[in-house]
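# Secondary and tertiary structure notes
Chain by chain, the residues run as shown.
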Amino acid sequence: MESAELEELSIGEKALWKDWVGRYPDTLVLSIEGREHIEDNAYDNYFANDRTFRDMKISDERLPPKEPIYAFWLGGQAVAVAHQDFEGGKVLNSRRHLKKTGLENVDLGDKRIVLFRSPGAAIFESTRAYLVPKKQLQEVQTISNWLPRESGAEPEGFEALGGFDTFWYNWVSVNPETVLLD
């Protein structure tokens, strides 16, 4: 199909199997020879040590190579935030904060960036990230009670921030000019 336009797909939600099957009990599973889990799962070993994929090296040492981050684009600039910096929820992008990080030319108008990860969330659980009108932030007591739940229903005015969870070395090796927010 030469010259065919490709449809951009949104990044899906990551979830534990028990949570997924609880929400979608009719899910079918593709298995190989009827096995549910491969005994020598390469991912188990990958998460158990500090080695990067194929021992990939990076020169940017602002974070450890396998530091979990949420990465996204903002005003044409690659941006990352370490999971540990917004566990339990955080509102980002006051004008002063953006200027301090080199994003002074980014104007989100009346919106703010809200990032949330549950305290103690597993590495593969999805970050919830939104652009939210500032006036709605003033009504919030705690971010965790305010953010949309598993139902997927987002409050009016919320806009999902198109980013994803990854490791620092994966993102910064392709985006060396990344602005690191804290």
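Residues numbered from 1 in each chain as written. Predicted model: local features only at pLDDT ≥ 70, side-chain atom pairs only at ≥ 80, totals over all residues. Heavy atoms only, no water.

## Looking at the sheet that holds strand β7 (residues 163-167)
We count it as follows: Being paired, for any two strands, means DSSP has found at least two bridges between them. In DSSP terms, a helix is any run of H or I states spanning at least four residues, a strand is any run of E spanning at least two, and both are numbered starting from the N terminus. In this analysis an axis means a line fitted to C-alpha atoms, helices contributing only their contacting stretch, and an angle means the value between N-to-C directions, from 0 to 180 degrees.
Read from one edge of the open sheet, four strands run β7-β1-β2-β8, paired in mixed fashion. In the strand order of this sheet, the two ends are held by β7 and β8 (179-181), each with one partner. When strand polarity is set aside, the average angle formed by the axes of neighbouring strands in this sheet is 35°. As paired strands, strand β1 (residues 68-74) and strand β2 (residues 77-82) are joined by six bridges and run antiparallel to one another. Each bridged residue has a counterpart across the sheet, and for tyrosine 70 the counterpart in β2 is valine 81.

## Quick notes on the confidence of the model for the protein chain
Here is the rule we go by: Each residue carries a pLDDT score, the predictor's confidence in it, ranging from 0 to 100.
The predicted model of the protein chain averages 78 in pLDDT, with 74% of residues at 70 or higher. When the elements of the protein chain are averaged for pLDDT, helix α5 (residues 143-146) gives the smallest value, 61, and helix α6 (residues 168-174) the largest, 94.

## Digging into the nonpolar core
Inclusion rule: Definition used in this section: a nonpolar core is a set of buried Ala, Val, Leu, Ile, Met, Phe, Trp, Tyr and Cys residues joined via side-chain atoms within 4.5 Å. In this scheme, a residue with accessible area under 20% of its type's maximum is buried, one over 50% is exposed, and one in between is partly exposed, where area comes from a 1.4 Å probe on protein chains only.
Among the nonpolar cores identified, the biggest contains 17 residues, and Phe72, Leu74, Ile113, Leu115, Leu161 and Leu181 are the most heavily contacted of them. At the level of secondary structure, the elements contributing two or more residues to this core comprise β1, β2, β4 (111-116), β5 (128-133) and β8. Grouped together as the second largest cluster of nonpolar side chains are nine residues, Ile69, Ala80, Trp168 and Val172 included.

## A closer look at unusual backbone geometry
Its identity is not glycine, yet arginine 54 carries a phi of approximately 55°, on the positive side. Tracing the sequence through the fold places arginine 54 in the loop between α2 (42-47) and β1. In this structure, aspartate 55 is a non-glycine residue whose phi angle is positive, near 55°.

## Details of the packing of aromatic side chains
Note the threshold: Pairing of aromatic rings covers Phe, Tyr and Trp, the last through its six-membered ring, and needs centres within 6.5 Å; plane angles under 30 degrees mean stacked, over 60 mean edge-to-face, and all others mean tilted.
In total, this model carries five aromatic pairs according to the counting rule given. Here the aromatic cluster, defined as three or more aromatic residues joined through ring pairs, consists of Trp73, Phe164 and Trp171.

## A look at the sheet that holds strand β6 (residues 159-160)
Across the sheet, which stays open at both edges, the four strands sit in the order β3-β4-β5-β6 with antiparallel pairing between neighbours. On the outer flanks of this sheet lie β3 (90-92) and β6, each paired with one strand and no other. Judged from the three bridges that link them, β3 and β4 form a sheet pairing that is antiparallel. Looking at β4, one finds that lysine 90 is bridged to leucine 115.

## With respect to the pairing of β5
The element β5 is extensively covered by neighbouring structure, given that five of its six residues are classed as buried. Here six bridges tie β4 to β5, and the two strands are oriented antiparallel to one another. Across the sheet, isoleucine 113 pairs through a bridge with leucine 131, a residue of β5. For β5 and β6, the ladder comprises two bridges, and the chain directions are antiparallel. By the bridge assignment for β6, tyrosine 130 is matched with alanine 160.

## Notes on the environment of aspartate 110
Quick note on the threshold: Contacts are assigned to residue pairs with any non-hydrogen atoms lying within 4.5 Å of each other.
Following the sequence through the fold, aspartate 110 ends up in the loop between α3 (95-101) and β4. On a C-alpha basis, the gap between aspartate 110 and proline 133 in space is 5.6 Å, while along the polypeptide they are 23 residues apart. Aspartate 110 has contacts with Val132, Pro133 and Lys134, leaving out every residue within four places of it along the chain.

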